[in-house]
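# Notes for the structure review
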Amino acid sequence: APVKVTKICCIGAGYVGGPTCAVIALKCPHIQVTIVDLNQARVDAWNSPDFQLPIYEPGLEDVVRGCRGRNLFFSTDVDKGIREADLIFVSVNTPTKKSGVGAGFAADLNYVESATRRIAAVATSSKIVVEKSTVPCRTAESMRTILEANSKAGCRFDILSNPEFLAEGTAISDLFAPDRVLIGSLQTQEGKDACASLAEVYANWVPRERILTVGLWSSELSKLAANAMLAQRISSVNALSAICEATGANIEEVANAVGYDSRIGPKFLRASVGFGGSCFQKDILNLVYLSESLHLPQVAAYWRQVVEMNEYQKARFSKTVVDTLFNTITGKHLAVLGFAFKADTGDTRESAAITLVRDFLLERAYVTIYDPKVEEAQIWQDLQEALPTTPLETIKKHVTISHSALDACKQKEAIVIATEWKEFKEIDWQTVYDQMSKPAFVFDGRMILDVEKLKTIGFTVKVIGRGD
Ligand code: NAD
Ligand code: UGA
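Residues numbered from 1 in each chain as written. Chains lettered and ligands numbered in written order. Predicted model: local features only at pLDDT ≥ 70, side-chain atom pairs only at ≥ 80, totals over all residues.

### Here we look at the overall build of the chain
Secondary structure summary: the chain contains 18 helices and 14 strands in total. A globule of 468 residues ought to have a C-alpha radius of gyration of about 23 Å, and the chain, at 24 Å, matches this closely. Taking the principal axes of its C-alpha atoms as reference, the chain extends roughly 75 × 50 × 45 Å. The buried share of the chain, reckoned over its 468 residues, is 45%. By sequence separation, contacts in the chain at least 24 residues apart represent 74% of the contacts at least 6 residues apart. (Helix = DSSP H or I, 4+ residues; strand = E, 2+ residues; numbered from the N terminus. Rg over C-alpha atoms; globule rule 2.2 N^0.38 Å. Buried ≥ 20, exposed ≤ 12 C-beta atoms within 10 Å, placed from the backbone. Contact = placed C-beta atoms within 7 Å.)

Structure below.
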């Protein structure tokens with residue numbers, strides 16, 4: 001019969017483990033939730049008395065304030081967390097492999113494996129082990145082999161897949177009201193019981209009809225499939241944005257018209273300077289690798305094109321900037337507004353802004369960056385990684401980090417919108433214009449500005465997906 005879960009441990013206090021398990025704690029006051037991580041600084045930040053949490057996410061602080069110290073705990077004592085729990089989420093990072101077999105495509109499962117080995121080594125009672133991380137299809141099989149080969153007498157491990165679908169910037173509302181919760185298990189009695197135990201946890205706030213239970217491999221693959229199809233919509237609309245720019249059509253009008261078809265739907269059709277974030281590219285490359293390993297080269301090529309279109313979109317936008325500024329930006333001063341990969345997050349992983357700034361620096365322009373949430377140290381780290389052979393001193397000679405949008409725009413030749421922060425719409429554009437060299441250029445990579453208004457002020461405006 002299903003066990004009633006009373007103690008949960010989550011391994012990995014990152015963007016997923018932190019918010020996900022904090023919401024479980026809030027919604028399930030009868031369950032004790034401990035989130036563990038090896039990174040002391042991260043755990044300290046989660047525990048900080050003034051709630052200076054390690055990630056910025058709207059609504060997160062209220063959730064943590066609501067239950068930290070009551071039934072939500074953060075700790076570096078991984079072993080104790082594992083030992084006490086009846087259900088363990090594995091929510092560690094699964095980045096793209098940087099070297100070895102499958103480098104540049106396959107997921108690096110080293111962190112998942114060490115967490116699994118740790119569970120096997122310290123568990124003294126039976127556990128339900130849940131893959132929360134995004135993993136290649138059939139990873140649960142490897143986890144089971146490791147757990148079973150190392151388990152003590154009387155300990156049994158049931159493995160579930162429960163991928164996370166939250167998006168950064170809206171994590172808390174996504175977790176409060178998910179479109180669906182997906183749980184995959186082996187279709188044995190034990191597997192189904194474990195699945196029912198986890199479903200019971202979610203049923204504290206998620207309507208039953210939104211809790212989908214499926215086979216393990218379907219669950220694992222559904223996560224990669226969902227991200228691949230979401231990213232594919234963006235690459236499709238971005239591909240069309242290039243046609244718009246060349247013909248005078250307007251991508252907002254095209255996307256709106258297309259999205260009115262109820263079979264297509266209006267969401268996720270915003271053309272942009274390119275998608276970023278820690279997952280889309282990584283998960284598609286993972287799917288490409290999986291397809292190739294399964295001897296399905298046509299399938300691999302199909303998905304690979306989604307990432308290639310995204311690279312093209314970023315390069316195309318950089319080129320538009322250079323071309324418009326009379327074919328050279330050497331020695332020119334540009335402001336880049338936004339550095340996060342999307343609004344309402346301080347996360348810069350795979351942000352299109354990094355690629356743009358890199359391209360501008362390679363053209364030897366001077367760049368001033370402003371983002372309301374990204375830490376200064378993060379920007380330097382990202383630029384150093386994007387330009388590994390350029391000394392940081394040299395980068396710093398060409399890059400300034402500003403503390404306001406207005407300040408960043410002062411005396412520039414061009415302004416580039418890289419992230420759709422709401423505050424960029426509300427900038428006093430007349431003042432910006434008055435303080436710029438003329439002709440004054442604005443490049444809107446996010447379609448957020450009032451183009452007619454800017455043109456009336458005197459700006460030359462280039463918007464993604466508009467040929468005018
Ligand atoms: P993250 O890097 O923010 O967090 C992972 C954490 O795990 C780190 O703090 C790291 O120190 C810790 N860790 C690694 N190995 C450990 C170990 N053996 N023991 C204890 N702690 C360990 O990553 P994230 O963004 O939270 O992503 C985690 C997983 O969730 C990934 O597989 C990702 O693909 C998936 N995912 C992410 C998102 C998102 O929006 N970021 C959404 C859905 C799914
Ligand atoms: C995405 C998915 O939306 C989540 O469901 C998934 O759980 C998550 O990846 C993950 O697995 O990590 P996230 O990357 O946080 O979430 O944010 P999105 O809102 O999906 O945006 C991703 C990128 O696409 C951003 O750079 C965004 O600006 C861009 N985007 C999004 C567009 O360019 N156009 C759109 O219409 C939508």
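### Focus: the nonpolar core
Grouped together as the largest cluster of nonpolar side chains are 75 residues, with contacts concentrated most on V336, L337, L356, V357, V416 and A418. Ignoring anything within four residues of it in the chain, the contact list for L356 reads V273, K314, F317, S318, V336, V416 and A418. (Core = buried A, V, L, I, M, F, W, Y, C linked by C-beta atoms within 7 Å.)

### Some points on the site of ligand 2
Near ligand 2 there are 20 residues, and of these R270, S272, F275, G277 and C279 occur at the shortest range. With three residues, helix 9 (residues 216–247) is the single largest residue contributor to the shell around ligand 2. Classifying every residue of the shell around ligand 2 gives eleven nonpolar, five polar and four charged. (Near = placed C-beta within 6 Å. Nonpolar A, V, L, I, M, F, W, Y, C, P; charged D, E, K, R; others polar.)

### Considering the pairing of strand 7 (residues 181–185)
Of all five residues making up strand 7, five are buried, and the element is well covered by its neighbours. In strand 7, alternate side chains face the same way, and those of V181, I183 and S185 on one face and L182 and G184 on the other are all buried. Strand direction decides the pairing type here: strand 7 and strand 8 (residues 211–215), joined by five bridges, are parallel. Within strand 8, the position partnered with V181 by the bridge is I211. (Pairing = 2+ DSSP bridges.)

### Observations concerning the sheet that holds strand 9 (residues 333–337)
Here six strands make up an open sheet; going across it, the order is 11-10-9-12-13-14 and the pairing parallel. Strand pairing shows two members of the sheet lacking a second neighbour, strand 11 (399–401) and strand 14 (460–463), which therefore form its edges. Neighbour-to-neighbour, the strand axes of this sheet turn through a mean angle of 20°, independent of strand direction. Pairing between strand 9 and strand 10 (residues 366–370): five bridges, direction parallel. Counterpart to A335 in the pairing with strand 10 is T368. Of the strands in this sheet, strand 12 (414–417), strand 13 (441–444) and strand 14 are in contact with helix 12 (residues 297–324), which crosses strand 13 at around 165°. (Axes fitted to C-alpha atoms, helices over the stretch in contact; angles between N-to-C directions.)

### Notes on the environment of V442
Note that V442 resides in strand 13. Accessibility expressed as a C-beta count within 10 Å gives 25 for V442, which makes it buried. For the pair V442 and A115, spaced 327 residues apart in sequence, the C-alpha separation works out to 48 Å. Excluding its chain neighbours within four sequence positions, the residues that come into contact with V442 are I415, L449, L454, F459 and V461.

### Some points on the UniProt feature "domain: UDP-glucose/GDP-mannose dehydrogenase C-terminal" (unreviewed entry) in the chain
Here the UniProt feature "domain: UDP-glucose/GDP-mannose dehydrogenase C-terminal" (unreviewed entry) sits at residues 335–451. End C-alpha to end C-alpha, residues 335–451 measures 18 Å, and it is 35% helix and 16% strand. (UniProt positions renumbered as here; feature names shortened; annotations may be inferred.)

### Details of helix 14 (residues 376–386)
Residues of helix 14 that are buried: I379, D382 and L383. End-on view of helix 14: buried residues confined to an arc of 95°, all on one side of the axis. Summarising the geometry of helix 14, the exposed residues directed more than 90 degrees from the buried face are A377 and E385. Check the buried side of helix 14 and you find it contacts helix 13 (352–362), strand 10, helix 15 (392–398) and strand 11. (Arc of directions from axis to C-beta.)

### Quick look at the site of ligand 1
Taken together, 27 residues form the shell around ligand 1, and within it G12, G14, Y15, S133 and T134 come nearest. With three residues, helix 5 (residues 110–122) is the largest single contributor of residues to the shell around ligand 1. Considered class by class, the residues forming the shell around ligand 1 number twelve nonpolar, eleven polar and four charged.

### Brief notes about the domain arrangement of the chain
On domain assignment, one finds that the chain holds domain 1 (7–206) and domain 2 (217–468). For domain 1 and domain 2, the distance between their C-alpha centres works out to 32 Å. In this complex, domain 1 contributes 25 residues to the contact, which on the side of domain 2 involves 24 residues. Sorting the residues of the side of domain 1 that touches domain 2 by element identifies helix 6 (139–150) and strand 7 as the ones contributing at least two each. Top element by residues in the side of domain 1 that touches domain 2 is strand 7. It accounts for three residues. Tallied by class, residues from the side of domain 1 that touches domain 2 come to 15 nonpolar, seven polar and three charged. (Domains from an automatic or database assignment.)

### Notes on the environment of K396
Relative to the elements of secondary structure, K396 occurs in helix 15. You can call K396 partly exposed: it has 13 C-beta atoms within 10 Å.

### Here we look at the packing of helix 9 against helix 12
Contact pair helix 9 / helix 12: the axes reach a minimum separation of 9 Å and the direction vectors enclose 45°. On the basis of the axis angle, helix 9 is oblique to helix 12. Where helix 9 crosses over helix 12, the handedness of that crossing is left-handed. Note on element contacts: helix 12 touches helix 9 through W303, V306, M309, N310, Q313 and R316, opposite A228, A231, Q232, S235, N238, A239 and A242. (Parallel < 35°, antiparallel > 145°, perpendicular 65-115°, else oblique. Left-handed = near helix turned anticlockwise from the far one by under 90°.)

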